[in-house]
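Observations on the three-dimensional arrangement
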Amino acid sequence: MPTLRETIQNRLTRLDTVPDAFNDRAKAYQEELFTYLLSLIDSLERRDGFIVINSANLSLISDIGANLERALQGQDYLNAVRGFLGEFDEQGRIITAYLEGEFAGFELSDLANQSLLVSRTNAANALLGQSLKTPILNPIEQTVIEAINSGAAYTDLVRALRTLSVGNDEVLGLLDRYAKQISYDAFAFADRSFTQVAVQDLDIQFYRYQGGIIKDTREFCQERNGKFFHFEEIESWAGLKWQGKIKETNEKSIFIYAGGYNCRHSFVPVSEVNIPKEVLLDAIAKGYYNPSEETRELLGLQL
Amino acid sequence: MITPEEILEMVSEIADIRKKYHDTRNPGNILEKKGELPEYYPGYNRLVKDYRDILVHAERQVFPERLFLEKSPNMGDDEYIYLKENFKNTTLSVFKDFANSVKRAFHEGNWSLTFEEEEGIYERAKLTFKEYVTDQYDIEAFFKSILIDQKLKDSNGILAVKPKLPVIEEETEEGVIRLVDGSRLNEPKVYYYDVERVVKRDEDIIIVETPEKSVVSFQGKDQRIGLVYEAYTKEAIYRVEQIGKYTDYQFQVYTFYQHDLGYIPAFTLGGEPVWLDDAIHYTSPFLVAVDNLDLALVNKNHLEVSKQLTMYPFRVMIGDECDFQTQEGERCNGNGWLNGFNVDGTQYRYTCPECQGSGLKNRPHRGGTMLINSGTNQLAADVVKPSEAIHFAQPSPEALRYVDETIEKDLQRAKETLHMRDRSLKQSTDSNNITATENLKDKEDQFAFVKPISDQVFNLLYDCLWTIGQMRYGDNFKGFQLQKAKTFDFLTKEDHLYNIELAQSIGNPVLIESAISDYLRFTFHAKTDQARLIEIIKTADRLFAMKQEDIVRALGRTVEPWEMILHNSAFYFIDQLMLEDEKFLSMELSEQVEALQNLAKEKANSLSTNNQNSLINQVLNPIREDVA
C-alpha cells in the first residue's frame, strides 16, 4: 500500500509521463500518416517530374483533404487518444486515494466524477475531428494546392510534406506539435479541476504547490515549488503578471490554470495538521488565516 | 316550356325503340342485336362503343371479348376460355398514369373554393352551405377522386343534381300519405348516369333511364321490372314510371321537383366536342390512345398464352404401338384402353395401365433409360439411332421477343399521344441540353392538352355547387367563390429538384433561374412573389450560377461549408423561414438574405458538431463502461 507521499509523487509524475506516452504514440502515427499522404498525392498527374497544372489535379485536392481527415480517425490514432483519456480516470483514482488518506471522512462526490468526464470530453474534442483541421489538415492541403498551382517539382512537394508531417531536427511534425500543445494542459487541467471539485466541501485552507523542476520551468513555478500556501494567498496571485500566464486566470481559475501553459504543477490540498507551524503563523500574520480557539489549541498555535 | 304530356310522348317513343331489343329471358333488360343497342338518338351506339372501348383499359377485369374475337376469328374454344380465365389488364397503368397527371392540375395551391359567411342567414338550416357540401357530402373529394376518372372514361355521361326531399308520413282517411316536410330544407345531391343510360339529350331536356324498376304485370304476376325514367327540363324534374302490363309499355308521369332554375340541372361530363348527325357530342381525350392500347393488350395476352404453350421444351420420342396384354387376353393394340368385364357379364372400358392411355409404348424407362427396339436380327443396325430416337423441341424465342418489343412500342405510342412523360427514356439521352429542352416542350404540350379538361371539370364543379345551393336555399343562397386553376404543374417536387440539379450542372444561369422559378411556383403556388424569392436566393447565394464540380473543388478554400449548404438547400431554408415568420416575405431584402445565410451557417455548425460528437462518443464510451 503506497504512502500518501508516494501517492502524491505518483500523481505529480504522471502529469509528465501520461501526456508523454500519448505524444510518443502520436509522433509514431505521423509516419503512418505520411506514408498514406504519399499514396494520395501519387495520383497527381506529372510530366517530367513536375506536377501538371490542370483541373483534374485541382479536383483531387478535396479528395486528399477528405481522405486525410478520415486517416486521422484511423483506429491507431483513436486507440492512442482512447488510451490517453483512460489515464484521466486513473488520475482521478490516485487523487481520491490521497484525499481519503489526508482528510478523515472524505467522500468523493458525483460532481467530481462529472468534472472528470467534462475534462475527458474537452480533451477528446481537442484531439479529434474538426479540431485537427486548422493545425494539421489545412497546412497540408495548402501545401498541395500551392504545389499544383505553381507546377512544382514532385520531389519538392514530397519533401515539404515530409517536413510538415514528420518534422526534422529543427521542427516537430504537425501532429506531434499539436498533441504536445494539447495533451499536457488537458491532463493537468483535468487533474486540478477534479481536485478542486472534490474538496469543495472540505473547507481547505492550505495547499502545497508541487510538481518538480524541469528544464523549462518558469520562474513563477520555481519560486513556489514545494511550498505551502494559504488559499487566499494563492488567490492573490491572480493579479500578478508572469510569462506563460493564461489570460483567463482569476482568483478561482488559478487553481486550475496554476502557472499557465504547459505548467506541470498542481495545488495539493493539505490538512492543517500537516502544515508546518511557521507557515501557519505566517499565514495568520498576513491575515489570511484566522483559526478558531479550538483549532489553535489543536494545532499548538497559542500566541 | 315542356309539358308533362310532351314528356310522356317522348318516353313512349323511346320505349318503342327499346322494345325491339327486349330480352325475353330477362324481362326488364335488353339484348344487343349484332352488337348494337337501341339507337335512341343518332350516334348513340357509337358513343356507347367509345365508352366501352375505353373501359377495357380503364377498369380491372373488363374482358374485351370483341377485341379478341375480331383479331383472332379462328381461335379455338379451348384457347379462348384459357385466355378469358387468365386475362390480365396490362394497359390499366396507362389510364391510371394519365388520370393522375390530369389530377395534378388540382394541386391544392392551384385553385380555391371559398364560401360566403352564412351565420344566421338561412333560416331552418342546421348546416351552413359549406358544411353541407364539404362535411356532409365532401363534394370536393368526389370531384378530385371519382369524377375526373369518370369524365376521362365517359365524356357523354351526365351529372344530375336532384334533391332528396324531406318527407313526413301522415295518417289520413285514405291511408298513410307522404308529404314534403316544409320545416326542413331539402338535400340536393349529385347523381352520375353513364352514357348508356342517357336516352335523350338536347338543349331543352335530358332523359335518363334510371336503375330503378317499377311494378308492372308480367306473365300474370306483379314484378318489379318496369322502366323508370327521369326527365330534366329547365323548369322541373319529372319522374316517368311504367305501369300496367309490361308488354304494353304504358307510362305515367308526375312532377318530382319544380326547380324553375331556367336551366337543366344535369350536366354532360364533356370532352372534345364532335359533330354527329346534327348534334354535338363529346369524345374522351383518352380515346386517341385506345387503338394502340388495344394492340398492346391483345398481343400481350396472346403472348402469355404462347409462352405457356410453346416456350417449354417438348419431349419428342419414337413411339411404338402399345402391345400390353392382360392375363385374360385383352390387348391394348395402341388404343390406350382395354375392355373389362363385370361379374354380371357387362362390359366396361378402362385405361391401359402400361401406356396410360397414350397408345404408345412407354419411353423412357422409369429409370430414365431410353429403350430402343431391337429387330429380330441382332446383328443388324438399329432401325432408329438412339440419338434420333429422342430430342427436345423448343421454339426459338426470337418470335416472342419480337412480339414483346412490338407491345412495348405500342404502349409507348399510346403514352406519346397522351403527352405522358417517361423520365426513364429521357435519362438515357446523351446530352443534358437536349433533356432540358425536351422537358420544356413536354411541359408546354401537356399544359395545352390538360387545360381544357381542367376547365371543364371546374365548370362542372361550379354548376353542381350552384345548383345545389339554389335547390336548397332558393333566393337566399349567397353563393361562393371558385378560383379556377390558371397554371398548373405536372412535375413532382423531385422532378423539379432534378431539373434544378441538371441546370446547375450545365451552369447556365438562365436555365437555373427558370428551373428555380418553376420549383418556387410549385411549392409556394400562386400566392407568393416568386420574383422576390429568386432575388433573395440570388443575393444570398454567392454560388448561384456555379457548376457543382467547381464548388466541390473550391470547398474548404474559397468556398465555405455553409455556402455550399446554402447553395444546395436554399429552398428548404426559405420554406422554414416562411413557416417560422409569416412576415418574412415583407422584410427588407438585406434582412432576408441575412436570415437565410445565418440559417445555413447554423446548419453547417450543427453538422460539424454532430460529426464531432459522434467521434467523441466513439472514443469515450468504452472508457465510461470501464469506470462504471
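Residues numbered from 1 in each chain as written. Chains lettered and ligands numbered in written order. Predicted model: local features only at pLDDT ≥ 70, side-chain atom pairs only at ≥ 80, totals over all residues. Heavy atoms only, no water.

1. Section: the confidence of the model for chain A
Should the pLDDT be low somewhere, the predicted coordinates at that spot are not to be read in detail. Of the residues in chain A, 99% have a pLDDT of 70 or more, and the chain-wide mean is 89. The spread of mean pLDDT over the elements of chain A runs between helix α2 (residues 55-71) of chain A, the lowest at 82, and strand β4 (residues 228-230) of chain A, the highest at 95. (pLDDT = per-residue confidence, 0-100. Helix = DSSP H or I, 4+ residues; strand = E, 2+ residues; numbered from the N terminus.)

2. Quick look at the pairing of strand β13 (residues 279-283) of chain B
All names here are of chain B. Here five bridges tie strand β12 (residues 272-276) to β13, and the two strands are oriented antiparallel to one another. Residue pairing for β13: Pro273 is matched across the bridge by Tyr282. From the end of β12 to the start of β13, which pair antiparallel, there are two residues, and Asp277 there has a positive phi angle of about 45°. (Pairing = 2+ DSSP bridges.)

3. Some thoughts on the interface of chain A and chain B
In this complex, chain A contributes 21 residues to the contact, which on the side of chain B involves 14 residues. Of the roughly 1,700 Å² buried between chain A and chain B on both sides combined, carbon and sulfur atoms contribute 66%. Taken together, chain A and chain B are joined by zero salt bridges. Seen at the junction of chain A and chain B, the total is four residue pairs in polar contact (both at pLDDT 80 or more). At the level of elements, α2, α3 (75-102) and α4 (110-127) of chain A are the ones that each hand at least two residues to the side of chain A that touches chain B. A per-element tally of the side of chain A that touches chain B places α3 of chain A first, with six residues. Taken together, the residues of the side of chain A that touches chain B sort by class into eight nonpolar, ten polar and three charged. (Contact = heavy atoms within 4.5 Å. Buried area = accessible area lost by both parts, 1.4 Å probe. Salt bridge = Lys/Arg side-chain N within 4 Å of Asp/Glu carboxyl O. Polar contact = N/O pair within 3.5 Å; in protein donor to acceptor, adjacent residues only side chain to side chain. Nonpolar A, V, L, I, M, F, W, Y, C, P; charged D, E, K, R; others polar.)

4. Some words on the sheet that holds strand β3 (residues 206-210) of chain A
In a beta sheet, neighbouring strands are held together by backbone hydrogen bonds and run either parallel or antiparallel to one another. All names here are of chain A. A sheet is described by the order of its strands in space; here three strands give the open sequence β4-β3-β5, paired in antiparallel fashion. Of all the strands in the sheet, just β4 and β5 (266-270) have a single pairing partner and so form its edges. Here the strands of the sheet are splayed against their neighbours by 40° on average, with no regard to which way each runs. Bridge count for β3 against β4 is three bridges, and the pairing is antiparallel. For Tyr207, the partnering residue across the bridge sits in β4 and is Phe229. (Axes fitted to C-alpha atoms, helices over the stretch in contact; angles between N-to-C directions.)

5. Let's talk about unusual backbone geometry
If a residue is not glycine, its phi is most likely negative; likewise, a peptide bond is most likely trans. Of note, the phi angle at Asp203 of chain A is positive, near 55°, even though the residue is not glycine. Structurally, Asp203 of chain A is set in the loop between α7 (174-198) and β3. Of note, the phi angle at Tyr249 of chain B is positive, near 50°, even though the residue is not glycine. With respect to the element layout, Tyr249 of chain B can be found in the loop between β9 (236-243) and β10 (250-258). Under the relative-accessibility criterion, Tyr249 of chain B is labelled buried at 9%. (Buried < 20%, exposed > 50% of the residue type's maximum accessible area, 1.4 Å probe, protein only.)

6. A short note on the side chain of Asp194 of chain B
All names here are of chain B. Mapping Asp194 onto the fold places it in the loop between β5 (187-193) and β6 (198-201). Arg197 provides the closest opposite charge to the buried, salt-bridge-free Asp194, at an N-O distance of 5.1 Å. In this structure the side chain of Asp194 is engaged in a polar contact, spanning 2.9 Å, whose partner is the backbone nitrogen of Glu196. Filtering out sequence-adjacent residues up to four positions away, Asp194 remains in contact with Tyr51, Asp154 and Gly157. (Lys, Arg positive; Asp, Glu negative; His and termini not counted.)

7. Regarding α7 of chain A
A rise of 1.5 Å per residue sets the reference length of α7 of chain A, with its 25 residues, at 36 Å; its end C-alpha atoms lie 36 Å apart and thus fit the reference within 8%. Burial of α7 of chain A is extensive: 21 of the 25 residues sit out of reach of the surface. (Expected span 1.5 Å × (residues − 1).)

8. Brief notes about the nonpolar core
Judged by nonpolar contacts, the single largest core of 96 residues is most densely connected at Ile41, Tyr77, Leu85, Phe88 and Leu128 of chain A. Apart from the residues lying within four places of it in its own chain, the contact partners of Ile41 of chain A are Arg46, Ile64, Val144, Tyr154, Leu157, Val158 and Leu161 of chain A. Formed by 63 residues, the second largest nonpolar core is a distinct cluster that contains Phe98, Phe115, Val290 and Leu411 of chain B. (Core = buried A, V, L, I, M, F, W, Y, C linked by side-chain atoms within 4.5 Å.)

9. Notes on the packing of helix α5 (residues 92-103) of chain B against helix α7 (residues 139-153) of chain B
Working note: a packed helix pair is described by the angle between its axes plus the distance between those axes. All names here are of chain B. For the pair α5 and α7, interaxial distance at closest approach is 10 Å and the crossing angle is 120°. Taken together, α5 and α7 sit at an angle that is classed as oblique. Crossing angle aside, the handedness with which α5 passes α7 is right-handed. For the pair formed by α5 and α7, the contact residues are Phe95, Lys96, Phe98, Ala99, Val102 and Lys103 on the first element and Lys144, Ser145, Ile148, Asp149, Leu152 and Lys153 on the second. Within the contact of α5 with α7, the residues separate by chemical class into six nonpolar, one polar and five charged. (Parallel < 35°, antiparallel > 145°, perpendicular 65-115°, else oblique. Left-handed = near helix turned anticlockwise from the far one by under 90°.)

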